[in-house]
Amino acid sequence: MRYSLKAILRNAVTGHRNWTRAWREPAPKKSYDVVIVGGGGHGLATAYYLARNHGLTNVAVLEKGFLGNGNIGRNTTVVRSNYLRPENIQFYDHSVKLWEGLSQELNYNVMLSQRGALNVLHTPAQRNAAIRRGNMLRLSGVDAVLLDTAGVKKLAPLIDCSPSARFPVLGGLFQPRGGSARHDAVAWGFARAADARGIDIIQNCEVTGFKIERGQVHGVYTTRGAIGAKKVGIVVAGRSTLVARMAGLRLPIESHVLQAFVTEPVKPVLNTVVMFGAAHFGIVQSDKGGLVFNGDIDGYNSYAQRGNLPVVKEVASCAVSFMPRLSRLRLLRHWGGINDMSMDGSPIISATPVKGLYFNGGWCYGGFKATPASGWTFAHLIANDQPHRFAGGYSLSRFETGLVISETGAGPQPGKH
Ligand SMILES: Cc1cc2nc3c(=O)[nH]c(=O)nc-3n(C[C@H](O)[C@H](O)[C@H](O)COP(=O)(O)OP(=O)(O)OC[C@H]3O[C@@H](n4cnc5c(N)ncnc54)[C@H](O)[C@@H]3O)c2cc1C
C-alpha cells in the first residue's frame, strides 16, 4: 500500500482498520543469493539497493533482535558532509544527495530537516583548519560558509559568544545543507521499501557462525537454523569484531560506548545542528522540542549498550559552559550505543579474504549520516564484486598498505577521531 493523502482519507473513513503491515514476517528460506547479517540502517539500506539498483531480490536480512534496537535508533541524528579528505567528501556528499530525495524514494517520511550544521571554532588554529576544510569543500562542490563570531551568535543565540565565555567563540564553519532526520523512521522506511521489493526481513534471528569451505562462504548458522547463501554481507555496527571473529577475521576496530541525552521538550530555541569545538559535544533540537546531544565515547572498550556516570558529568559540563542556559533544563533520558571505532576514523566497506564474504563497519560516531550511501555502495560491492567508486578507499587492505584515511590526523586513537 502506497502512503499518500488519498490513502489517509480512504483509511480515515474506515476507522484506520485496513492499513497493511509495513513489512512481512517471513520464515527463513533454506537459501538465498545474498544474506545480510544485521538489520540496522546500513543492512536494510544495503538490501533495498541490492533490489533497486541490481535486481537482486532473493535476499534476506537477518537481525538478532528487532529493527531499530541498534545504533540506528540510538544516534543523535546529525546529517552532514563537511569532511576534509577527498575520499570522505565524495562519499558523504553522495549520501546527503540521497538523503535529499529519500522520503520520496522510500514513500516514507524520514523527516529530513536541512537546518544546517555548524562547527564552532574557539582558537586561531581551529579557524585556520576550518578555512582549509571550507576551501576543500567548496572546491569539491560542497556548500561551506565561514562565519565570524557575530554570524555564529545570529545563527545560534543559545551559544555563549561573550568575551567572558569559558571557551570564547572565534567563528564557525557552517554547512547549510546539513541537518537531521528521524532515525528510527530511516530503519522503518528502508525495511518497508525493501520488503515491498521481495526482500525477506527476519527478526529474532541471530547469526552464530559462518559456513566456510575452502575459503568460500556458503551460508550462515543462526538461532533459527542453517541458511545457505552465495554471498554474505556483515553489517553489524557495534558487534563487528565479534561477528567477524566467527569467520576467522580480526578487524582493526575497537568497540566503545557512546552515550546520548535528551532534555525535556521546550519551544524552538536552536534552529541548527551545533558542534562544540573545545570538546566532543554536538547538539540538535528534535521536532518534539527536546534538546538531543552527545559527547565523547566512554574511555574503555565495551559491548554493553549503557554508559558510565563520569561521561554524563563531562557532557553536562560541556553543555553548560557552551550554552549556559541549558543548565535550566531537566534531563529526560540518556542511553548508550556501541560504536565500532576504526583505527583511522574512516569506515570500512570491503571484500574480505573469505570469497563471497563482505564487510561493512567501522563507522565511529558518523554512520547515521552515511546510511543511504553505505547501503548504495555496499550493495554495489556485493552485486559486482567490485568496490563502488565513491567507496574505493574504504578497503580493509588500507591498514596493511598504510593508505589510511585519517580525517583528523589523530592516528589510531578512537577518542580523538
Ligand atoms: C549515541 C550515538 C549517537 C550517534 N550520533 C550520530 C550522529 O549524530 N550522526 C551520525 O552520522 N552517526 C551517529 N552515530 C553513529 C551511527 O548511529 C552508527 O554509525 C550507525 O547507525 C551504524 O550502522 P547501523 O545503523 O547499521 O547500526 P545498528 O543499528 O547498530 O545495526 C546493526 C544491527 O546488527 C545486529 N546484529 C548484531 N550482531 C548480530 C548477529 N550476530 N546476527 C544478526 N544480527 C546482528 C544488531 O542487533 C543491530 O540491529 C551515533 C551513534 C551513537 C551510539
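Before going into details, it helps to say that this report is about the structure given with it. What you see is a predicted model, and the numbers here were worked out from it, not measured in a lab.

Thresholds, definitions, all that
Think of each chain on its own: its residues are numbered from 1, step by step along the sequence as written. Where totals are concerned, whole chains, interfaces and linings use all residues; where local detail is concerned, this predicted model gives features only for residues with pLDDT of at least 70, and gives and counts side-chain atom pairs only at 80 or more. With hydrogens and water set aside, each side-chain value is computed from the structure's full complement of heavy atoms. Helix and strand assignments follow DSSP, with helices taken as H or I runs no shorter than four residues and strands as E runs no shorter than two, numbered in order from the N terminus. Atoms considered for the radius of gyration are the C-alpha atoms alone. The globule rule reads 2.2 Å times the number of residues to the power 0.38. Partly exposed describes any residue whose relative accessible area lies between the buried limit of under 20% and the exposed limit of over 50%, with all areas from a 1.4 Å probe on protein chains only and scaled to the type maximum. We call two residues in contact when some of their heavy atoms are within 4.5 Å. The patches reported here contain residues having more than 30% relative accessible area and no salt bridge. Joining distances are 9 Å for like charges and 5 Å for nonpolar side chains (Val, Leu, Ile, Met, Phe, Trp, Tyr). Computed with a 1.4 Å probe, the accessible areas rest on the Shrake-Rupley method; for each residue, only the protein chains presented here act as cover. Definition used for salt bridges: Asp or Glu carboxyl oxygen within 4 Å of a side-chain nitrogen of Lys or Arg. Here, nonpolar core means buried Ala, Val, Leu, Ile, Met, Phe, Trp, Tyr and Cys residues that are tied together by side-chain atoms lying within 4.5 Å of each other. Pairing between strands requires that DSSP locate at least two bridges from one strand to the other. All axes are obtained by fitting lines to C-alpha atoms, using only the stretch in contact for helices, and the reported angles, taken between N-to-C directions, cover 0 to 180 degrees. For this classification, under 35 degrees means roughly parallel, over 145 means roughly antiparallel, 65 to 115 means roughly perpendicular, and everything else is oblique. Helix crossings fall into two classes, left-handed where the near helix is turned counterclockwise from the far one by less than a right angle and right-handed where it is turned clockwise. Side-chain classes follow a simple rule in which Ala, Val, Leu, Ile, Met, Phe, Trp, Tyr, Cys and Pro form the nonpolar group, Asp, Glu, Lys and Arg form the charged group, and the remainder, Gly included, forms the polar group. Here a residue counts as near a molecule or strand whenever at least one of its heavy atoms sits within 4 Å of it. Within 3.5 Å is the distance limit for a polar contact, defined as a pair of N or O atoms, with the added protein rule that one can donate a hydrogen and the other accept it, and that residues adjacent in sequence qualify only through two side-chain atoms.

## Regarding the overall build of the protein
In terms of regular secondary structure, the protein is built from 11 helices and 18 strands. Here the C-alpha atoms of the protein give a radius of gyration of 21 Å, agreeing with the 22 Å that 2.2 N^0.38 yields for 417 residues. For the protein, the C-alpha atoms occupy an extent of roughly 65 × 65 × 40 Å along the three principal directions. Split into buried and exposed, the 417 residues of the protein put 54% on the buried side. In the protein, 75% of the contacts between residues at least 6 apart in sequence involve partners at least 24 apart.

## What to know about a nonpolar patch on the surface
On the surface, a nonpolar cluster with roughly 580 Å² of combined accessible area is contributed by Met 1, Tyr 3, Leu 5, Ile 8, Leu 9 and Trp 19. Considering the arrangement of structural elements, one finds Ile 8 in helix α1 (residues 5-13).

## Looking at the nonpolar core
Residues Phe 91 and Phe 190 are the most contacted members of the largest nonpolar core, which totals 56 residues. If sequence neighbours within four positions are ignored, Phe 190 has contacts with Leu 44, Ala 45, Tyr 48, Tyr 49, Leu 102, Leu 106, Thr 371 and Pro 372. Of all hydrophobic cores here, the second largest spans 27 residues; its members include Ile 227, Val 232, Val 243 and Ala 247.

## Here we look at the environment of Tyr 49
Examined against the element boundaries, Tyr 49 turns out to sit in helix α2 (residues 41-54). For Tyr 49, a relative accessible area of 1% gives the class buried. On a C-alpha basis, the gap between Tyr 49 and Val 78 in space is 22 Å, while along the polypeptide they are 29 residues apart. Every residue in contact with Tyr 49, bar those within four places of it in the chain, is listed here: His 54, Leu 98, Leu 102, Phe 190, Pro 372, Gly 375, Trp 376 and Ala 379.

## Observations regarding the pairing of strand β4 (residues 117-121)
Counting buried residues along β4, five of its five residues qualify, which places the element largely inside the surrounding structure. Here β4 shows no split at all, with Ala 117, Asn 119 and Leu 121 on one side and Leu 118 and Val 120 on the other all buried. Taken together, the five bridges between β4 and strand β6 (residues 171-175) define a ladder with antiparallel strand orientation. What sits directly across from Asn 119, in β6, is Leu 173.

## Some thoughts on the packing of α2 against helix α10 (residues 371-384)
Where α2 meets α10, the axes come as close as 7 Å, and the angle between the chain directions of the two elements is 55°. As summarised for this structure, α2 and α10 are arranged oblique, according to the angle between their axes. Of the two elements, α2 crosses α10, and the hand of that crossing is right-handed. Judged by residue contacts, Gly 41, His 42, Ala 45, Thr 46, Tyr 49, Leu 50, Arg 52, Asn 53 and His 54 of α2 engage Thr 371, Pro 372, Ser 374, Gly 375, Trp 376, Phe 378, Ala 379, His 380, Ile 382, Ala 383 and Asn 384 from α10. Here the residues of the contact of α2 with α10 are counted per class, giving nine nonpolar, 10 polar and one charged.

## Regarding the site of the ligand
In the region of the ligand, 38 residues are neighbours, and Glu 63, Asn 71, Ile 72, Tyr 365 and Lys 369 sit closest. Gly 41 is positioned such that a nitrogen or oxygen atom in its backbone is 3.0 Å from an oxygen atom of the ligand. Contact distances for the ligand include 2.7 Å between an oxygen atom and a backbone N or O atom of Asn 71. Relative to its unbound accessible area of 1,000 Å², the ligand is 96% covered by the protein chains. Taken together, the elements giving at least two residues each to the shell around the ligand come down to α2, β12 (253-263) and β16 (331-342).

## Re the sheet that holds β6
Taken in spatial order, the eight strands of this open sheet run β5-β6-β4-β13-β14-β15-β12-β16, and their pairing is mixed. The sheet is open, and its two borders are formed by β5 (145-148) and β16, each paired with just one other strand. For this sheet the average axis-to-axis angle between neighbouring strands, irrespective of direction, equals 25°. Against the sheet, helix α5 (residues 124-139) engages β4, β5 and β6, with an angle of about 145° to β4.

## Topic: the pairing of strand β9 (residues 207-213)
The pairing of β9 with strand β10 (residues 216-222) spans six bridges and is antiparallel. Bridging from a neighbouring strand, Phe 210 pairs with Val 220 of β10. Where β9 folds back on β10, the antiparallel hairpin that results is connected by two residues, among which Arg 214 adopts a positive phi of roughly 45°.

## What to know about the packing of helix α3 (residues 86-100) against α10
α10 packs onto α3 with a crossing angle of 110° between their chain directions and a minimal axis gap of 7 Å. On the basis of the axis angle, α3 is roughly perpendicular to α10. Contacts between α3 and α10 involve Phe 91, His 94, Ser 95, Leu 98 and Trp 99 from the former and Thr 371, Pro 372, Ala 373, Ser 374, Trp 376 and Thr 377 from the latter. Here the residues of the contact of α3 with α10 sort into six nonpolar, five polar and no charged.

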